[in-house]
Every structure is written in structure tokens, then in C-alpha cells.
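Okay, here's what each chain looks like letter by letter:
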Amino acid sequence: MSVRLLNTASRSLENFTPLDPAGRVVKMYTCGPTVYNYAHIGNFRAYIFEDLLQRHLEVRGYAVERVMNLTDVDDKTIAGCKRCGVPLADFTQTFKDAFFEDIKTLRIRPATHYPAATAPEYIERMIDMIKTLQAKEIAYLAEDGSVYFRIAKFPRYGELAHLNLEELRPSGRIQSDEYEKEAVGDFALWKAWNPNDGDVWWESPWGRGRPGWHIECSAMATALLGPELDIHCGGVDNIFPHHEAEIAQSECVTGRHFARTWLHCAHLMVDGQKMSKSLGNFYTLRDLLAKGYSGREIRYVLLSVHYRLPLNFTLSGLDAARAALERLDAWVERLQTLAGETLASKEHPPTPACTRFLEALDDDLNISGALGHLFDWIRESNRAMDAGSVTALLAAQTLADFARIQSVLELGAETAAVPAQVLALVEQRQAARAARDWAGSDVLRDAIAAAGWQVKDTKQGPQLTRV
Ligand code: AMP
Ligand code: ZN
């Protein structure tokens, strides 16, 4: 059965097929962080949903080429660098580094490309796109040197968000703060320099200025993935105006259908309100690590609720995640002990529970259903082990199936750093085993145990766990 996804554009569940004629490569664009501060865990909910999507598509045999942009110029980054008295690039670098560290902690698979909006090749592309729009009279220059997109020229504007935008259509010059605009819904493609921008500006045919946020994504997406994407993701707050604007700009420049499938995750909530910087009700990943929670516990919480449902964040949710992961770890350890050195047969049919898990994810990433199947499996498997009816071979096959599930969940136990002296003993033991010196190997096993580590021989090589 194919993967089915609820497309925001059609509001219906659609069978997913990539544009690639070979049906293999999936081109996916995901709106990334604005690097003016540490990302909060609401942002990471969006990135973890995208990670789950990518990993599931990969388990289903697709090769995902994913772009996540870094918004490293906007009002917030400019205000931040002014406040700190450092150049914009230095200011944003701190938060880019933090972001990459955080996604590693959360085990988010890196995207294929992380373009930054201020890279000269993208600024150049943004300017070129705006020039094209201006030549088609879709963009217009305002008196202050800013350039706006004329939404009246794109009748489908508002379609993604299912909005009736009649009231945003021009009816003479409107009075607003942005008085240069012809219509209130027109959005900025290029923002003319003003004194608040300090030394942040680029030269353009319209004078000094900087790009608008929406054109950044259109330029980076089409530069790296071409004019047509398979999937475009973000949080629900991105639907309007950001994604609507991306569609309008990209399609008016390329004449092609910008993105087939649009997916949006609901918000991470705190006491009924969206977690956000402006409300001050947020936790960064670092705040939670400092409270003693691990990256994988936080990953579990952010992953465990269907992406289209709001997720209410609480610290007790993290404690429940810890308990669930302990159950998972105990089950895996029990199976490993039972399996010993037995290998799963390559031909074994997948356990029905594993099939059910993956099929639940085929259904628009139904993670709660999938986790339900997983924990049912754990309960039944534990019962069978209690009854002594699990052979070493069955344990090995269960572990092999579970490894498939783990390639999607990525929730395996943290491996503690192994001291160098223990690693040296393990190497000596490997050499003894290669020389069929079983007595020597046993002595070394005891020495490793005395140092506080247990060594298990698996087909991937020796595995160490803390005793
Ligand atoms: P920003 O850095 O604000 O541009 O947001 C980056 C991404 O995080 C976007 O895709 C947002 O939709 C998403 N996002 C922001 N706040 C939340 C939240 N509370 N829950 C889920 N996603 C969020
Ligand atoms: Zn974007």
C-alpha cells in the first residue's frame, strides 16, 4: 500500500507519488529557523515531524533530497546584531551553530542542503526573480525603493489557505503604515534600506535594501530543487501568508506548479496557547537538558502525537516518555540476552506487529497508532518470554524487525562514552577470538566486566553496555 498524506492544498488524503519518473527521488523543502535566538521546542516539533516523514519515506524505499533554509536576515536578526553590537554574520553564526548542535541532540537526520538566505548566490537569485516579476508587471516599485508583489495579478492567491481575499484586492490606494502599497495584501519582495538596518544592505536595481522573507524561500527552494517540489512542509502558522506568497512568487516566475503536497504540523501548546518567543512561554532544548531530560526523551514527546493535532507540552509528559523508553530498553535488553550470538535469518517474514507499525505510518504518519502497535508487541513479546516460548532465533528476528522500526523512530538507548582502556581490552579480545583463543577471550571478557562493562557479540561486532 502506498503512503497517504493529507495535502493542505486539497484538504484531502492523497496517495503519494513523486514527480521523479523512476518513482524514487522525493524533493522536499522545509522552512527552517530564523537564527536570532536558540530555537524553542515548538520549532523542533516541526523539524521532528519532518524528520519522521523523511525517515518513513526512506523506509518505504524513497530517496529524499531535503532542503532546510536558514533565515539569517530579517527584522529580528538585524535587531539582535544591533543590540549585541556585532556584525550580522557573527550574530547569526552563534545560533546556526546552536541549531546544528540541537538537531544532533534530537537525532534529526540532517537535510541534504542548508542554504542561508544571505549567501551571495541566493541574494542574486532573489534579485533576479524580483526583476522577472517586475518585468511581468506583477511586482511594482514603491516610492521608498521597496518592491511589492501585486496579489491582484495572481488570482489563486489565498487558495492554499482557503481564504477569500476579496477584501485584499486593490480598491484605490489604501491608508496603512505601509502606505506605499497599492493594496493591503500586497507583500514586500524587497525592502528599501532604512536607518534601523545599519550596515545590513545589498545593492540592487532598486537601490540599497534587503530581501523579504517569502522571496528567500522561493529562491532557495527553486535554486536547489528546481521549479517543482514534491513536498513542502512547515508549521500551520506558515500557511498564510508565507507559503501562499512562496507559491505566488515561484509560479509567476517559473510558470510551473511549485509544490504538489503541502504538509503542516499543528502547534506545540502550553496551557492552551502556542509556544512562542513572543508569548515568553517557551522552553529551549537547552532549558530541558539542564533539567536533566535527555535529547531522546524530548524527541519521544515531540514525536509521539500526530503532527496535525496540537501537542500540549508538560514536564510530566517528559516523565511519561522516560518511563516508556525504559520499557523499550528493558525489552530490547531482554531480547539481546536471549538472542545471544544467534543471527536472524534473512528470509524471515516480518512480524505482523512490525508490518502494522509501518502501515499506520503510511496512513498520514499516524504515529499514535504506530506506537500503540509497538507497545502491544512489547507486551505480548514480554509475556511470551515470561512463558519461555521465545527461542534465540525468534528473539534475533524480533530484534531485526525492531531495527526497521528504530530507523524511523531513532529512539535507541544512549551509548555512554566507553573509556579508552576498555576499548583497548575489547580490541585485544577481538584479536583473541580471531585467533580462536577462547580461554584468552574469556579472561578479557572478565577484565572488561571488572571495568564495569558488558560485552555482547553481535553480527555488527562487539557491543558494550554498562553493567
Ligand atoms: P520561525 O523560526 O519562527 O520561522 O519558525 C520555524 C518553524 O517552526 C516554522 O515552520 C514554524 O511554523 C514552526 N513553529 C514555530 N512555533 C511553533 C510551535 N509552537 N509549534 C510547532 N511549530 C512551530
Ligand atoms: Zn519558508
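Just so it is clear, the structure is predicted and the values come from calculations on it, not from any experiment.

**Here's the deal with the sheet that holds strand 12 (residues 273-274)**
Part 1 of the reasoning: Pairing is mixed in the open sheet, where three strands are placed in the order 12-11-13. Edge positions in the sheet fall to strand 12 and strand 13 (311-312), since each has one partner strand and no second.
Part 2 of the reasoning: As paired elements, strand 11 (residues 268-270) and strand 13 share two bridges and run parallel to each other. Residue methionine 269 lies in a different strand from strand 13, and its bridge partner there is asparagine 312.

**Quick notes on the confidence of the model for the chain**
In regions of low pLDDT, the predicted coordinates are not meant to be interpreted in detail.
Part 1 of the reasoning: Summary statistics for the chain give a mean pLDDT of 93 and a share of 96% for residues scoring 70 or more.
Part 2 of the reasoning: A low-confidence stretch, residues 170-176 stays under pLDDT 50, and its non-local contacts, those more than four residues away or across chains, total 13 contacts.

**Examining helix 1 (residues 41-59)**
Part 1 of the reasoning: For helix 1, which comprises 19 residues, the first-to-last C-alpha distance of 26 Å matches the rise-based estimate of 27 Å (1.5 Å per residue) to within 8%.
Part 2 of the reasoning: Among the 19 residues in helix 1, 17 count as buried, and that is most of the element.
Part 3 of the reasoning: Just downstream of helix 1 lies glycine 61, where phi reads positive at about 95°.

**Things to note about the state of the cysteines**
Part 1 of the reasoning: Enumeration according to the criterion identifies zero disulfides in this entry.
Part 2 of the reasoning: No disulfide involves cysteine 81; its sulfur sits 8.1 Å from that of cysteine 84, the nearest cysteine.
Part 3 of the reasoning: When its relative accessible area of 5% is taken as the criterion, cysteine 81 is described as buried.
Part 4 of the reasoning: Here cysteine 252 is not disulfide-linked; the sulfur of cysteine 217 is the nearest cysteine sulfur, at 17 Å.
Part 5 of the reasoning: A residue is classified by how much of its surface remains accessible, and cysteine 252, at 10% relative accessible area, is buried.

**Details of the environment of alanine 432**
Part 1 of the reasoning: Tracing the backbone shows alanine 432 in helix 13 (residues 420-434).
Part 2 of the reasoning: With relative accessibility at 9%, the residue alanine 432 sits in the buried group.
Part 3 of the reasoning: Separated by 236 residues in sequence, alanine 432 and asparagine 196 have C-alpha atoms that sit 69 Å apart.
Part 4 of the reasoning: Filtering out sequence-adjacent residues up to four positions away, alanine 432 remains in contact with Asp437, Gly440, Ser441 and Leu444.

**A closer look at the coordination of the zinc ion (ligand 2)**
Part 1 of the reasoning: At this site the zinc ion (ligand 2) is bound by Cys31 (SG), Cys217 (SG), His242 (NE2) and Glu246 (OE), with donor distances of 2.1 to 2.8 Å.
Part 2 of the reasoning: Given four donor atoms and angles of 73 to 134° at the metal, the environment of the zinc ion (ligand 2) is assigned as irregular.
Part 3 of the reasoning: Along the chain, the residues donating to the zinc ion (ligand 2) fall in the pattern C-x185-C-x24-H-x3-E. Of the two residues, cysteine 31 sits in the loop between strand 3 (25-30) and helix 1 while cysteine 217 sits in helix 5 (residues 213-225), which places them 186 residues apart along the sequence. Of the two residues, cysteine 31 and cysteine 217, both sit in the buried class.

**Here's the deal with the pattern of salt bridges**
Part 1 of the reasoning: Counting across every chain of the model gives 26 salt bridges.
Part 2 of the reasoning: Where aspartate 75 meets arginine 210, a salt bridge forms, and the shortest distance between an N and an O atom there is 2.6 Å. Pair noted here: aspartate 75 is in helix 2 (residues 75-84) and arginine 210 is in strand 8 (residues 209-211), with a separation of 135 residues, a long-range link.
Part 3 of the reasoning: A relative accessible area of 47% places aspartate 75 in the partly exposed class.
Part 4 of the reasoning: The shortest N-O distance in the salt bridge between aspartate 237 and lysine 274 comes to 3.5 Å. Taken together, the residues aspartate 237 in the loop between strand 9 (229-235) and helix 6 (239-254) and lysine 274 in strand 12 connect sequence positions 37 residues apart.
Part 5 of the reasoning: Look at lysine 274 and you get partly exposed, because its relative accessible area is 31%.
Part 6 of the reasoning: Among the ionic contacts, a cluster of salt bridges with common partners joins Asp51, Arg55, Arg299 and Glu410.

About the criteria used
- Residues numbered from 1 in each chain as written.
- Chains lettered and ligands numbered in written order.
- Predicted model: local features only at pLDDT ≥ 70, side-chain atom pairs only at ≥ 80, totals over all residues.
- Heavy atoms only, no water.
- Pairing = 2+ DSSP bridges.
- Helix = DSSP H or I, 4+ residues; strand = E, 2+ residues; numbered from the N terminus.
- pLDDT = per-residue confidence, 0-100.
- Contact = heavy atoms within 4.5 Å.
- Expected span 1.5 Å × (residues − 1).
- Buried < 20%, exposed > 50% of the residue type's maximum accessible area, 1.4 Å probe, protein only.
- Disulfide = S-S within 2.5 Å.
- Donors = N, O, S within 2.8 Å, 3.2 Å for Na, K, Ca; no water.
- Tetrahedral: all angles 85-135°; square planar, octahedral: opposite > 155°, others 65-115°.
- Salt bridge = Lys/Arg side-chain N within 4 Å of Asp/Glu carboxyl O.

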